Amino acid sequence: MGLFDRYLSGQLLMYFSFFSLVLVAVYWVNRAIGLFDQLIAGGSNILTFLEFTALALPNVIMAVLPVSALVATLYGINRLAAESEMVVAQTTGLSPWRLARPVLIFGFVVALMVSVLAHVLTPASRSALAVRGAELSQDVTARFLKEGEFIHPGAGITVYVREITPRGELLGLFLQDRRSPEVRTSYTAERAILVRADPDLGGGTRLVMFDGMAQTLQTVDRNLVTTTFNDFAYDLAGLAGSAAARTRDPRELSTPELLRADATTQELTGVDVAKLQYEGHLRISEALFALALPLMALGFLMLGGYSRLGLWRQILAAVVAAIILKMLGNIAETAARGQVGGWWLTYVPSLMTLALGAGLIWRSTFGPLRLRRTGGGA
C-alpha cells in the first residue's frame, strides 16, 4: 500500500470510528429508553435491562455502519479538499481512479465489519435475545416480586404487594383478574407465597394466598359474590404462557440455512421460501452496499470544482442519492419477498450504488478535477 493510500484510508477510518461511536450511542439510547420502560414496568431488574441492551447492540451497530461510512467519506474528502491536500495529490499526477483506491480499501474494511455482524454476531444475538425473552416470560416470580407498586405481569392482570419479607412471603397482596369479559375477580390476602407445582401434576407456578377474600363481579347482571378463605391456590400458568417450542425468527438462522430454505427451515420458522432466501441474500447485499457507499460519495465530491464555500452541493447530492437508493431497497424488498426466485432483486440497490460511484469517478476524469490537475480549469 502506498503512502497516500495509508494516509487517506487511515484518515477515513479515524472519522469512521468517531461517527460510528456517536451514531451507535444515539441509536442505542433511543432503543434503550423503550426497552427500559418495558422491562422495568414488568418487574425486571437493572441487570436484566443491561443484558437485553447488550444483546441488541450488534443489530444497532450493523444498521449504523453504512451510514457512518458515508458520513466519514463525505467529511474526510471535503476536509482534505478544503485544506488543499487533494489539490496537492492531483498535481502529483494521481488520477481519479488512483484517488479512489484508498476509498475502496476503506470500503472493504467496512464491508468486512458488516459481513461479520450480519452472518455471525447479529443472528447469534437475536437467538440469545429470543431465548432470554422466553425465559423472562416464564419467570412469573420475577414479575411478582416488586413491592409497593401496581404491576401488570399479564394482559388483564393487576398485582400489588405491600411488602416482601426476606423469606419471600408477600404481605398485603391484591390481585385483580380481568381476563374474562363476563367475570372480574379481585383477591386480597394477608400473606401469600409463590410455589412450584409438582411436575406430575402439570408443573407451573402457583400463588398460594392465606387469610383472604375473593370478590367476583358478574359484568352482565352486576352481581357481586364475596368469598372468604383461609388458603387458596391461584394458578399462574396462564400468565407464564406455554412452554411449547417457539417459532424461530428467520433472522436468528445462519446464512446457509436461509439460502437453502428447505422444508425443515420453513416448518421451523413458519416462513415461505421467498422470504427465507431474501433474508439470506440481504446479508450479502448489505455488505456490498456498505462497500459501494464510500465510492459513491467520492464520485460526487470529485465532480465539484474549487470553491471557498466548499463542496456542500455535492455533499447534499450524495446524501439525497443515498436516501433514494435506500428507498429502492425497500421496494426491492417487497418484490423479493413476494415471489420465489426474486432474491436477485435484493442486489439491485447495491449494484446501482456501485455503478453510480464508478460512473461518477469516470465522469470526473473529464470534469473539473481533470481540468484543474492539468491547469485548464483552475
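Residues numbered from 1 in each chain as written. Predicted model: local features only at pLDDT ≥ 70, side-chain atom pairs only at ≥ 80, totals over all residues. Heavy atoms only, no water.

A.B. asks: How do you make sense of the packing of aromatic side chains when you look at a structure like this?
C.D. replies: Each aromatic ring pair is specified by the distance between its two centres and by the angle formed by the two planes. Scanning the entire structure with this criterion turns up nine aromatic pairs. With a centroid separation of 5.5 Å and 20° between ring planes, the pair formed by tyrosine 187 and phenylalanine 232 is classed as stacked. Pair noted here: tyrosine 187 is in strand β4 (residues 183–196) and phenylalanine 232 is in strand β6 (residues 223–235), with a separation of 45 residues, a long-range link. Residue classification places tyrosine 187 among the buried positions, given a relative accessible area of 10%. A relative accessible area of 31% means that phenylalanine 232 is categorised as partly exposed. Aromatic rings pair up to connect Tyr15, Phe18, Phe19 and Tyr75 into one cluster. Looking at arginine 191, its charged tip hangs above the ring of phenylalanine 210, at a distance of 4.3 Å from the centre. (Phe/Tyr/Trp six-rings, centres within 6.5 Å; stacked < 30°, edge-to-face > 60°. Helix = DSSP H or I, 4+ residues; strand = E, 2+ residues; numbered from the N terminus. Buried < 20%, exposed > 50% of the residue type's maximum accessible area, 1.4 Å probe, protein only. Lys NZ or Arg CZ within 6 Å of the ring centre and 35° of its normal.)

A.B. asks: Can you help me understand helix α10 (residues 312–337) in this one?
C.D. replies: Within an α-helix, residues lying three or four positions from one another point in the same direction, as the helix has 3.6 residues per turn. Between its first and last C-alpha atoms α10 spans 38 Å; for 26 residues at 1.5 Å apiece the expected length is 38 Å, and the two agree. Regarding α10, the residues found buried are Gln314, Ala318, Ala321, Ala322, Leu325, Ala332 and Ala336. (Expected span 1.5 Å × (residues − 1).)

A.B. asks: Explain the sheet that holds β4 to me, please; I cannot follow it from the model alone.
C.D. replies: Sheet strands associate in pairs through backbone hydrogen bonding, adopting either a parallel or an antiparallel arrangement. Read from one edge of the open sheet, six strands run β1-β2-β3-β4-β5-β6, paired in antiparallel fashion. In this open sheet, the two strands that pair with only one neighbour each are β1 (150–154) and β6. The average undirected angle you get between the axes of adjacent strands in this sheet is 20°. Alignment of strand β5 (residues 205–218) against β6, held across 12 bridges, turns out to be antiparallel. Each residue of the ladder has a partner; that of leucine 217, found in β6, is leucine 224. (Pairing = 2+ DSSP bridges. Axes fitted to C-alpha atoms, helices over the stretch in contact; angles between N-to-C directions.)

A.B. asks: I keep staring at the environment of threonine 265 and nothing clicks. Help me out?
C.D. replies: Along the polypeptide, threonine 265 turns up in helix α8 (residues 263–269). In this view, threonine 265 contacts Leu253, Glu257 and Leu276; residues no more than four positions away in its chain are not counted. Within polar-contact distance, the side chain of threonine 265 engages the side chain of aspartate 262 at 2.7 Å. (Contact = heavy atoms within 4.5 Å. Polar contact = N/O pair within 3.5 Å; in protein donor to acceptor, adjacent residues only side chain to side chain.)

A.B. asks: Any chance you could explain helix α11 (residues 348–364) here in plain terms?
C.D. replies: With 17 residues, α11 extends 24 Å from end C-alpha to end C-alpha; this agrees with the ideal 24 Å at 1.5 Å per step. Taken as a whole, α11 has its buried residues at Pro349, Ser350, Thr353, Gly357, Leu360, Ile361 and Ser364. Take α11 and look down its axis: the buried residues cluster within an arc of 110°, on one side only. (Arc of directions from axis to C-beta.)

A.B. asks: Hey, could you run me through the confidence of the model for the protein chain in this one?
C.D. replies: Should pLDDT be low for a region, the predicted coordinates there are not to be read in detail. Per-residue pLDDT for the protein chain averages 82, and the proportion of residues at 70 or more is 83%. Here helix α12 (residues 368–374) stands out as the element of the protein chain with the lowest mean pLDDT, 42, in contrast to helix α9 (residues 273–301), whose mean of 92 is the highest. In this model, residues 368–378 is a region of pLDDT below 50 whose contacts with residues beyond four sequence positions or in other chains number 22 contacts. (pLDDT = per-residue confidence, 0-100.)

A.B. asks: How should I be thinking about unusual backbone geometry in this particular structure?
C.D. replies: For residues other than glycine, phi is negative in most cases, and the peptide bonds are mostly trans. Phi angles above zero are rare outside glycine, and aspartate 211 is one such case at about 55°. Here aspartate 211 is to be found in strand β5. Classification of aspartate 211 by relative accessible area gives partly exposed; the value is 45%. Residue alanine 261 is not a glycine yet carries a positive backbone phi of 50°. With a relative accessible area of 6%, alanine 261 lands in the buried category.

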